[in-house]
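Here is how the chains run, residue by residue.
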Amino acid sequence: MSEMLEWLKYLILGMIQGFTEPIPISSSGHLIIAQNLLGMEQHGLSFEIMTNTASLIAILFIYREVITRLVKNGFGYVKTKETQYKSDFNFILYIIIGSIPAGVIGVLFKDKIEEVFSTSLTTVAIALLVTGVALWLIRNFRGVKRDGDLSVKDAIIVGLAQAVALIPGISRSGSTVIASIATGMKQDTALRYSFMLYIPVSLGGVVLGLSDIISDPELQALWLPYLISFVTSLVVTYFSMRWFMGIMEKGNLHYFSYYCFLVGALILIFM
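The rules behind each value
Residues numbered from 1 in each chain as written. Predicted model: local features only at pLDDT ≥ 70, side-chain atom pairs only at ≥ 80, totals over all residues. Heavy atoms only, no water. Helix = DSSP H or I, 4+ residues; strand = E, 2+ residues; numbered from the N terminus. Rg over C-alpha atoms; globule rule 2.2 N^0.38 Å. Buried < 20%, exposed > 50% of the residue type's maximum accessible area, 1.4 Å probe, protein only. Contact = heavy atoms within 4.5 Å. Areas by Shrake-Rupley, 256 points an atom, 1.4 Å probe, with all protein chains shown as cover. Lys, Arg positive; Asp, Glu negative; His and termini not counted. Charge placed at Lys NZ, Arg CZ, Asp CG, Glu CD. Axes fitted to C-alpha atoms, helices over the stretch in contact; angles between N-to-C directions. Parallel < 35°, antiparallel > 145°, perpendicular 65-115°, else oblique. Left-handed = near helix turned anticlockwise from the far one by under 90°. Nonpolar A, V, L, I, M, F, W, Y, C, P; charged D, E, K, R; others polar. Patch = residues over 30% accessible without salt bridge, like charges linked within 9 Å, V, L, I, M, F, W, Y side chains within 5 Å. Salt bridge = Lys/Arg side-chain N within 4 Å of Asp/Glu carboxyl O. Expected span 1.5 Å × (residues − 1). Polar contact = N/O pair within 3.5 Å; in protein donor to acceptor, adjacent residues only side chain to side chain. Core = buried A, V, L, I, M, F, W, Y, C linked by side-chain atoms within 4.5 Å. Phe/Tyr/Trp six-rings, centres within 6.5 Å; stacked < 30°, edge-to-face > 60°. Lys NZ or Arg CZ within 6 Å of the ring centre and 35° of its normal.

Novice: With reference to specific residues and values, describe the overall build of the chain.
Specialist: Tallying secondary structure elements over the chain gives 11 helices and zero strands in all. Over its C-alpha trace the chain gives a radius of gyration of 19 Å, about what one expects of a compact globule, namely 18 Å for 271 residues. Considered along the principal axes of its C-alpha atoms, the chain spans approximately 65 × 40 × 35 Å. Expressed as a percentage of its 271 residues, the buried residues of the chain come to 47%. In the chain, of all internal contacts separated by at least 6 residues, the share reaching a separation of at least 24 is 81%. Roughly 13600 Å² of accessible area belongs to the chain as shown, and the carbon and sulfur atoms make up 68% of that amount. Distance between charge centres in the chain, computed from 19 positive and 19 negative side chains, equals 14 Å.

Novice: I'd like a rundown of the packing of helix H7 (residues 152-164) against helix H9 (residues 187-214), residues and numbers included.
Specialist: Two numbers describe how H7 lies on H9: the axes approach to 11 Å, and their chain directions differ by 60°. One way to sum up the angle between H7 and H9 is to call them oblique. The crossing of H7 and H9 is right-handed. Two secondary-structure elements touch here, H7 through Ala 155, Val 158 and Gln 162 and H9 through Tyr 193, Leu 197, Tyr 198 and Val 201. In terms of residue class, the contact of H7 with H9 is built from six nonpolar, one polar and no charged.

Novice: An account of unusual backbone geometry is needed here, citing residue identities and associated values.
Specialist: The phi torsion of most residues other than glycine is negative, and most of the peptide bonds are trans. Despite not being glycine, Ser 26 has its phi angle at roughly 75°, a positive value. Tracing the chain through its elements places Ser 26 in the loop between helix H1 (2-20) and helix H2 (27-38). One non-glycine residue, Lys 81, adopts positive backbone phi at about 60°. Considering the arrangement of structural elements, one finds Lys 81 in the loop between helix H4 (64-80) and helix H5 (86-116).

Novice: Go over the side chain of Ser 27 with me, naming the residues and quoting the values.
Specialist: Tracing the sequence through the fold places Ser 27 in helix H2. What Ser 27 contacts, discounting residues up to four positions off in sequence, is Gln 17, Thr 20 and Glu 21.

Novice: Hey, could you go over a nonpolar patch on the surface for me, with residue numbers and the actual values?
Specialist: On the surface, Leu 37, Ile 126, Val 130, Leu 262, Leu 266, Leu 268, Ile 269, Phe 270 and Met 271 cluster together to form a nonpolar patch covering roughly 940 Å² of accessible area. Counting only elements with at least two residues in the nonpolar patch, the list comes to helix H6 (121-137) and helix H11 (255-270). With respect to the helices and strands, the residue Ile 126 is situated in helix H6. The partly exposed category is assigned to Ile 126, whose relative accessible area is 45%.

Novice: Which residues make up H6, and what values do they have?
Specialist: In a regular helix each residue adds 1.5 Å, so 17 residues correspond to 24 Å; H6 covers 24 Å between its end C-alpha atoms and thus fits that length. For H6, every residue scored as buried is listed here: Leu 121, Thr 123, Val 124, Ala 125, Ala 127, Leu 128, Thr 131, Gly 132 and Leu 135.

Novice: Tell me about the pattern of salt bridges, and name the residues and values.
Specialist: The final tally for this structure, using the stated rule, is four salt bridges. Put simply, Arg 69 and Asp 88 hold a salt bridge, and the shortest N to O gap is 3.1 Å. Placement of the pair is Arg 69 in helix H4 and Asp 88 in helix H5, with a sequence separation of 19 residues. A salt bridge links Lys 145 to Asp 154; the shortest N-O distance between them is 2.9 Å. The partly exposed category is assigned to Lys 145, whose relative accessible area is 22%. A single network of salt bridges, built from pairs that share partners, joins Asp 147, Asp 188 and Arg 192.

Novice: Go over the side chain of Ser 175 with me, naming the residues and quoting the values.
Specialist: Its place among the elements puts Ser 175 in helix H8 (residues 172-182). A distance of 3.0 Å separates the side chain of Ser 175 from the backbone oxygen of Arg 172, its partner in a polar contact. Ignoring anything within four residues of it in the chain, the contact list for Ser 175 reads Ala 161, Gln 162, Ala 165 and Ile 170.

Novice: Account for the nonpolar core, naming residues and giving values.
Specialist: Counting 46 residues, the largest nonpolar core has Tyr 63, Tyr 193, Phe 244 and Leu 253 as the members making the most contacts within it. If you tally residues by element for this core, the top one is H9, at nine residues. Setting aside residues no more than four positions away along its own chain, Phe 244 makes contact with Pro 22, Ile 23, Pro 24, Leu 191, Phe 195, Leu 253 and Phe 256. Residues Leu 13, Leu 31, Met 40 and Ile 49 belong to the second largest nonpolar core, which totals 11 residues.

Novice: Let's hear about the packing of aromatic side chains: which residues, and what values?
Specialist: Per the stated rule, a full pass over the model turns up 13 aromatic pairs. Here the aromatic residues Phe 19, Trp 243, Phe 244 and Phe 256 are joined through ring pairs into a cluster of three or more. The aromatic ring of Phe 61 is capped on one face by Arg 64, whose charged end is 4.1 Å from the ring centroid. For Arg 139, the ring lying beneath its charged end belongs to Trp 136, and the centroid distance is 3.7 Å.

Without other data, these values stay purely geometric and don't point to any function.
Written out as structure tokens, the structure reads:
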């Protein structure tokens, strides 16, 4: 019975990770809340890395055609210098530039950041309230920039916003989507650029975290619960991302600000 209960808890965590990863409400923050409510405590990074990997696979599948086009046209421009490929080549450059801040800061200061900004419920609540304010401020922004209109300045601004999401409880998708819209991008371009930035940073996290998984003493005992969370996160991320794409298309991002205000306030009052 206790084993089944443990499996159920990991199923719930996988669902929460999958649902919250694409949307601007912080997957890490919600996992902290859930683990607190379920009386669970994660030791090490294996669980986080594995569920994030599942979400990454779902995002890669959703954007597979965009990624294929970017790679094909990027190499096409390098080989031929034809103008028809230049927009996609530049977009790749902006993905690289935008990934640098979070990559560098994450490698050098991630442990220090987590030490300063503890993963407490209070930190999560404050982060949600900050995210809610930012979502509210950009609620009426309607940009005009498409994929081919981005600049190095835009990439740096959004890249720095992604680095801010290293603070526990700050949503990565939220910070990058908000910053992208604030720089004048159209909703669909902001969403696409945000999740193109997610791919290299997440891949880097997986590569750097392989040693943590291999050396995890709990992995042998928890491989089945981890697998349950992995599969659940993979499936739920796919459907959550599709839903979020529809939200962005309709320009209803501000609804998430209400949610952030509500949950942040409830945590501060009751938890």
